[in-house]
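Architecture at a glance
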Amino acid sequence: MSTYFPEINDQTLRQLPKVAGAYVLVIELTADLTLQNKRFAGITLAKGTYLYCGSANGPGGIAARVIRHCKTTKKPHWHVDELTSNGAGRVTSVLVVPGGDECELRAALHEPDTQVPVPGFGSSDCIDCVSHLVITQDDDISALFTKLPKV
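All residue numbers refer to position in the chain's written sequence, counted from 1. For a predicted model such as this one, the threshold for reporting local features is a pLDDT of at least 70, and the threshold for listing and counting side-chain atom pairs is 80 or more; totals across whole chains, interfaces and linings nevertheless cover every residue. Only hydrogens and water are set aside when side-chain values are computed; all heavy atoms of the structure are taken into account.

1. Quick look at the overall build of the protein chain
In terms of helices and strands, the protein chain carries 5 helices and 8 strands. Starting at the N terminus, the α and β elements of the protein chain follow one another as β-α-β-β-β-β-α-α-β-α-β-β-α. Within these notes, the globule rule equals 2.2 Å times the number of residues to the 0.38 power, and the radius of gyration is based on C-alpha atoms. Whereas a compact globule of 151 residues would reach a radius of gyration of roughly 15 Å, the protein chain reaches 14 Å, a difference of no more than 12%. Type-normalised accessible area, obtained with a 1.4 Å probe on protein chains alone, sets the label of each residue: buried when under 20%, exposed when over 50%, and partly exposed for intermediate values. Relative to its 151 residues, the protein chain shows a buried fraction of 50%. By sequence separation, contacts in the protein chain at least 24 residues apart represent 69% of the contacts at least 6 residues apart. When the accessible surface of the protein chain is summed, it comes to about 8,000 Å², and 50% of that surface belongs to carbon and sulfur atoms. In the protein chain, 14 side chains carry a positive charge and 16 a negative one; their mean positions are 8 Å apart. Strands here are runs of E lasting at least two residues and helices are runs of H or I lasting at least four, both read from the DSSP assignment and numbered beginning at the N terminus. Only heavy atoms enter the contact rule, under which two residues are in contact if any of them lie within 4.5 Å. Here the Shrake-Rupley method, with its probe set to 1.4 Å, supplies the accessible areas, and only the displayed protein chains count as covering residues. Residues scored as positive are Lys and Arg, those scored as negative are Asp and Glu, and His as well as the terminal groups of each chain are ignored. A charged residue contributes its charge at one atom only: NZ of Lys, CZ of Arg, CG of Asp or CD of Glu.

Shown next, in the form of structure tokens:
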């Protein structure tokens, strides 16, 4: 069963499940961001609301992974780190799906509600998904998430 946390703060971060599963980060870019990662170097993401689908199967599960993504200073490891580090953007909310699959979440976030800004972003180990990062024009994220089939 999925749970939507519409606001990220210390209290909600403590409520995240410490189990394996999938999540959708809602990331706000307040300014355009030119990517530096060598695979995507030079691609500019316009300011706006981005959704990143990820998985967490290691120690601490979803809670540990989302808490890491919310930190502004961290050693870059995943593509999404470029969006969530050094003041580039911030995680504003998250949908968590214990036992869920990031590719199923990504498939459920389809057009016309979302668009793929960078093919291959966050999905380099995935053969089915064009990208695990999408941009949305939908101002009501909770309504967008309620449209998702039970994943």
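Anyway, onward from the coordinates.
2. Details of the nonpolar core
Formed by 28 residues in total, the largest nonpolar core has its most connected members in Val94 and Phe121. Those elements that provide at least two residues to this core are strand S2 (21-29), strand S5 (48-56), helix H2 (61-70), strand S6 (89-98) and strand S8 (133-136). It is S2 that contributes the most residues to this core, 4 residues altogether. The residues contacting valine 94, other than those within four sequence positions of it, are Thr3, Tyr4, Phe5, Ile8, Leu16, Tyr23, Val24, Leu25 and Val66. Judged by nonpolar contacts, the second largest core, of 15 residues, contains Leu51, Cys53, Leu95 and Leu144. Residue types Ala, Val, Leu, Ile, Met, Phe, Trp, Tyr and Cys, when buried and joined through side-chain atoms within 4.5 Å, form a set referred to as a nonpolar core.

3. Things to note about the pairing of S5
Here S5 lies mainly inside the structure; 9 of its 9 residues are buried. We call two strands paired when DSSP finds no fewer than two bridges between them. Bridge count for S2 against S5 is 9 bridges, and the pairing is antiparallel. The partner of isoleucine 27 across the bridge, within S5, is tyrosine 50. Where S5 meets S8, 4 bridges bridge the pair, whose relative direction is antiparallel. For leucine 51, the partnering residue across the bridge sits in S8 and is valine 134.

4. So, the layout of surface pockets
Reported here for the largest pocket is a volume of approximately 220 Å³. With 3 residues, S5 is the single largest residue contributor to the lining of the largest pocket. Ten residues, namely Ala, Val, Leu, Ile, Met, Phe, Trp, Tyr, Cys and Pro, are considered nonpolar, four, namely Asp, Glu, Lys and Arg, are considered charged, and the remaining ones, Gly among them, are considered polar. Taken together, the residues of the lining of the largest pocket break down into 3 nonpolar, 6 polar and 3 charged. Both site types are read off a 1 Å grid over the protein atoms alone. A 1.4 Å probe that fits but cannot get out defines a cavity, while an open set with protein on both sides within 12 Å along at least five of seven lines defines a pocket; lining residues have an atom within 4 Å of a point. Grid points are joined across faces, edges and corners, and a volume is the space filled by probe spheres set on the points.

5. Notes on the pairing of S2
Burial analysis of S2 places 8 of its 9 residues in the buried class, the great majority of the element. Sheet topology places S2 next to S6; 9 bridges connect them, and they run antiparallel. Each residue of the ladder has a partner; that of valine 24, found in S6, is leucine 95.

So far we have only geometry, and geometry alone does not tell us how the molecule works.
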